[in-house]
Amino acid sequence: MSSAPPDARHLPKAELHLHIEGTLEPGTAFALAERNGITLPYSSPEELHRRYDFTDLGSFLELYYALMDVLRTEQDFSDLAEAYLERSAEQGVRHAEIFFDPQAHTSRGVSIGTVIEGLGRALDTSEERYGISTRLILCFLRDSSPAEAAETLASAEPYLHRITGVGLDSAEAGHPPGPFRDVYRRAAELGLRRVAHAGEEGPAAYVAEALDELGVERIDHGRRALEDPALVRRLVEERVPLTVCPLSNVRLRGVDTLADHPLPQMLDAGLLATVNSDDPSYFGGYAADNFTACAEALGLGEEQLRLLARNSFLASFLDDDEERRARYLAEVDAFRF
Ligand code: ADE
Ligand code: ZN
């Protein structure tokens, strides 16, 4: 008889791959639509939820961008972040590095200031209210032009005190990282940290290209890096963190079932892998839900879960607050399942 998997709900963890727009729950979408006088093309939150049956990244992104139409005001963005923090506090999250997609809002006439100030309003008091430290990472849409990314970065300059880094997301296949090298160089000049989605649907070569051309310090997803053993050796040697999103990979059909997920192989290879939720409203689970689902489906034990939690803090951009990182790591070590 197999014993119950360890309970990782309250295991202290950092979430490093989380799109704030992907936390928009169906009920919240309806509430915001009503507040903003928008009629959604679904009869109810339940009907909307039934549409979360994705065939690939593209089919998800279509709904993800469409539903953002309900986000219009600073209050909307603040409420969105607030709901995420409240949920995450119940999931053992102690530190969150949060992605946002400014171009998905500015293209609809919502200013970047509205987005950042709205998110910032909730994040400013996150520590006092939820015990969660936060960072913001501005993502460029790779299926829009590098020139537009550069304009977006320029428009964010008045808000740099709120931004820790830049990322690259949206449709990956056919959109390699290389063309974004100039905007990443500019981001580095501005003192921003650099990450990029790579190896989610795109090939292992995009992972190497993100390292070589963009100078990224972490790879978001990186699952397909496993197809290239030399690249895996490099990622291990250079201690490049991977922000893996297991439930996302299943829902977007990168892997058939969670039991097929290569997370254990990643850990065995010595990769600095972390577990994250990506777009939790759409993919069926927040941070701890991903830990728990992996523990069940992959048979992860206490030591592997603790390693994943340690990795999350080691991979975080807490270099500006090493005391805090040490405190979080000590919390992980002291945790009893
Ligand atoms: N934007 C939001 N979620 C994403 C994902 N999983 N991949 C690429 N871009 C995204
Ligand atoms: Zn993502």
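Basis of the calculations
- Residues numbered from 1 in each chain as written.
- Chains lettered and ligands numbered in written order.
- Predicted model: local features only at pLDDT ≥ 70, side-chain atom pairs only at ≥ 80, totals over all residues.
- Heavy atoms only, no water.
- Phe/Tyr/Trp six-rings, centres within 6.5 Å; stacked < 30°, edge-to-face > 60°.
- Helix = DSSP H or I, 4+ residues; strand = E, 2+ residues; numbered from the N terminus.
- Buried < 20%, exposed > 50% of the residue type's maximum accessible area, 1.4 Å probe, protein only.
- Lys NZ or Arg CZ within 6 Å of the ring centre and 35° of its normal.
- Donors = N, O, S within 2.8 Å, 3.2 Å for Na, K, Ca; no water.
- Tetrahedral: all angles 85-135°; square planar, octahedral: opposite > 155°, others 65-115°.
- Pairing = 2+ DSSP bridges.
- Axes fitted to C-alpha atoms, helices over the stretch in contact; angles between N-to-C directions.
- Contact = heavy atoms within 4.5 Å.

### Details of the packing of aromatic side chains
Scanning all chains against the criterion turns up 13 aromatic pairs. Aromatic side chains Phe60 and Tyr64 sit 5.1 Å apart centroid to centroid with 40° between the ring planes, which places their arrangement in the tilted category. With a gap of 4 residues between them, Phe60 and Tyr64 both fall in helix 3 (residues 57-67), about one helical turn apart. Of the residues examined, Phe60 reaches a relative accessible area of 2% and is grouped as buried. Assessed through its relative accessible area of 2%, Tyr64 is described here as buried. Ring plane angle 65° and centroid distance 5.1 Å describe the contact between Tyr64 and Tyr65, whose orientation is recorded as edge-to-face. On the basis of relative accessibility, which here comes to 24%, the residue Tyr65 falls in the partly exposed class. Following the ring pairs from residue to residue traces out a cluster consisting of Tyr52, Phe54, Phe60, Tyr64, Tyr65, Tyr282 and Phe283. When the ring centre of Phe291 is taken as reference, the NZ or CZ atom of Lys13 above it lies at 5.1 Å. Against the face of Phe317 rests Arg218, its NZ or CZ located 4.0 Å from the ring centre.

### Structural notes on the coordination of the zinc ion (ligand 2)
Protein-derived coordination of the zinc ion (ligand 2) comes from His17 (NE2), His19 (NE2), His197 (NE2) and Asp278 (OD), at a distance range of 2.1 to 2.2 Å. For the zinc ion (ligand 2), the 4 donor atoms are set out with angles of 84 to 174° between them, so the coordination reads as irregular. Donor residues binding the zinc ion (ligand 2) come from one chain and are separated in sequence as H-x1-H-x177-H-x80-D. Linking His19 in strand 1 (residues 13-19) with His197 in strand 5 (residues 193-198), this pair joins segments that are 178 residues apart in sequence. His197 carries the same exposure label as His19, and that label is buried.

### Some details on the sheet that holds strand 8 (residues 272-275)
If you trace the 8 strands from one edge of the open sheet to the other, you get 1-2-3-4-5-6-7-8, paired in parallel fashion. What marks the edges here is a single partner per strand, and that holds for strand 1 and strand 8. Taken over all neighbouring pairs, the strand axes of this sheet differ in orientation by 25° on average, direction set aside. Contacts from helix 8 (residues 146-156) reach strand 3 (133-141) and strand 4 (165-169) within the one sheet, and its direction differs from that of strand 3 by about 145°.

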